[in-house]
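# Summary of the model geometry
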Amino acid sequence: MGLKFFNTLTRSVEEFTPLDPAGHKAGIYCCGPTVHDVAHIGNFRTFVFADLVRRYLQFKGYAVTHVMNITDVEDKIIRRVRESGISLREYTGKYESAFLEDLQTLGCLRPHQMPRATEHIGEIISLIERLIERGIAYKAADGSVYFSIEKHRGSGRQYGQLVKLNFDELRPGERVSNDEYAKESLADFALWKARAPEDGEVFWPSPWGEGRPGWHIECSAMSMKILGPSFDIHLGGEDLIFPHHEDEIAQSEGAGLQPPGERFVKYWLHGAHLMVEGKKMSKSLGNFFTLRDLLAKGFTGREIRYLLLTAHYRETFNFTLEGLTAARTSLARLDECLAKLRAVAGNATAAADAGLAEGFSAALDDDLNVSAAWGGVFDWVRDANRLLTDNQFTAALAAAALAAWQRIDSVFGIGEKADAEVPAEIAALLEQREAARKARNFSRADAIRAELNAQGWTIEDTSKGPRLKRL
Ligand SMILES: [Zn+2]
């Protein structure tokens, strides 16, 4: 059975066939963060989902190029830059670093390319120029440039591919300069925004005067530059379907750079909203969590990742602190089983046992059915525990089981148990070694290191002091 995704473009589940004629390469673009603040857990649901898609395509053997942009110029950022009095780059750099750190805490692989909007102003201007040449964008009196929905439709193209729109409400000549607007205020949208006094020092020269790009055009310019005018998968949260993604299609297909018969994007995948404690996340309700808030409560990135990966991406998911505690219990069950298997396997190596990966692939091929995949993992844990109790695992069988887990964990990215969960007796040995080193009793320190190695642990000396790692 092949891999299938629900494509928002066709509103149906479709078999994934990459555009690459050799069927080998796959391109993914995910709308990245707007670096005006620290990202919240709802944002991270989308990025963990993108990471799952990328890892699973790699598991299936595709050579994936994963692109995620950094929106480092837009209204909110400009307002904060003005308030803080520091430069744009200084301001956004701080939140970009925080974002990358959070991504790592959540076990997400770094996208292969992370283009910044401010470093693609030339590409953005060229794309707008092309839209003007083709008669579907125009300069307004204030020096801003707008996309004409009427002209676009007049050229035989469809506006409203991802959502149904009521064009009776569209009044020619109306325009919207804000990047975010509802379907009801359907109107020509801004590609280039003329410099306003409140923009301060944030502006670039252009053929239409000083100004800055609109948000939607950034993604069209950067995705097509890196992945080509036609690529496989575009991902994002469902809140971006309209207007952002609809506008990306209009701009990219309006520029007419695709080969005949090809679309800008073949598969559009959208992740559903995250509720927190049963409600829409909001600061006033006290259920607004950044990743850092959850870490401060004592949860780990691994537990949060696991919880986010238990729900199907198209289901609205209710994220709760109770759910995180349950995630900790589930992971402890898994870890305990893996530790026992490791003890039996010793130094043995073996090819992965096929059973676990087969069930896993069948589940994820089905539009990334992670719940079914985890169901299979915990059935496997139950069966392994039974065999372990009955002493039915040989070293080779245990090694094959561990290799099977590692294979599917290349997709789940749950990884090893955190260092904080080092068994007490192992932690005590490390302390004894440190004491021996301080007392300059190096032969004793070496003996303890050897003892730790024999028990399957190694010591890594880091800038924050020694830490234990499984061999
Ligand atoms: Zn985007």
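See the structure shown above.
Before going into details, it helps to say that this report is about the structure given with it. Only a predicted model underlies this, so the values are computations on that prediction, with no experimental measurement involved. (Residues numbered from 1 in each chain as written. Predicted model: local features only at pLDDT ≥ 70, side-chain atom pairs only at ≥ 80, totals over all residues. Heavy atoms only, no water.)

## Quick word on the side chain of Asp188
Stated formally: Secondary structure follows DSSP: runs of H or I at least 4 residues long count as helices, runs of E at least 2 residues long count as strands, and numbering of each begins at the N terminus. To sort residues, take the accessible area from a 1.4 Å probe on protein chains only and compare it with the maximum for the residue type: under 20% means buried, over 50% means exposed, and anything in between is partly exposed. Charge assignment: positive for Lys and Arg, negative for Asp and Glu; neither His nor the chain ends contribute. Each reported salt bridge corresponds to a side-chain nitrogen of Lys or Arg within 4 Å of a carboxyl oxygen of Asp or Glu. By the criterion applied in these results, polar contacts are pairs of N or O atoms within 3.5 Å in which, for protein atoms, one can donate a hydrogen and the other can accept it, and in which residues neighboring in sequence qualify only through two side-chain atoms. Contact between two residues is taken to exist if any of their heavy atoms lie within 4.5 Å; hydrogens are not considered.
Assignment of secondary structure puts Asp188 in strand S8 (residues 188-194). Of the side chains bearing the opposite charge, Arg175 lies closest to the buried Asp188, which forms no salt bridge; the N-O distance is 6.1 Å. For Asp188, the side chain forms a polar contact with the main-chain nitrogen of Ile149, separated by 3.1 Å. Those residues in contact with Asp188 that sit more than four places away from it in its chain are Tyr138, Tyr146, Phe147, Ser148, Ile149, Glu174, Arg175 and Val176.

## Some points on helix H13 (residues 395-412)
Stated formally: Here a helix's expected span is defined as the number of its residues, less one, multiplied by 1.5 Å.
Between its first and last C-alpha atoms H13 spans 25 Å; for 18 residues at 1.5 Å apiece the expected length is 26 Å, and the two agree. Two residues or fewer past H13, Gly413 is found with a positive phi of approximately 65°.

## Regarding the environment of Ala327
For Ala327, the position within the fold is in helix H10 (residues 321-345). For Ala327, a relative accessible area of 2% corresponds to the buried category. Separated by 19 residues in sequence, Ala327 and Leu308 place their C-alpha atoms 9.7 Å apart. When near neighbours in sequence (up to four residues on either side) are disregarded, Ala327 contacts Glu303, Tyr306 and Leu307.

## Focus on the coordination of the zinc ion
Selection criterion: Distances define the donors: N, O and S atoms within 2.8 Å of the metal qualify, as do those within 3.2 Å of Na, K or Ca. Water is excluded, so some sites may look unfinished. Each label reflects the angles at the metal, where four donors whose angles all fall between 85 and 135 degrees are tetrahedral, four or six donors whose opposite pairs open beyond 155 degrees and whose other angles stay between 65 and 115 are square planar or octahedral respectively, and the rest are irregular.
Within the protein, Cys31 (SG), Cys219 (SG), His244 (NE2) and Glu248 (OE) serve as the donor atoms for the zinc ion, at 2.0 to 2.8 Å. Because the angles between the 4 donor atoms bound to the zinc ion fall within 75 to 132°, the donor set is best described as irregular. Positions of the donor residues of the zinc ion, expressed as sequence spacing, correspond to C-x187-C-x24-H-x3-E. Of this pair, Cys219 sits in helix H6 (residues 215-227) while His244 sits in helix H7 (residues 241-254); the two residues are 25 residues apart in sequence, bridging distant segments of the chain.

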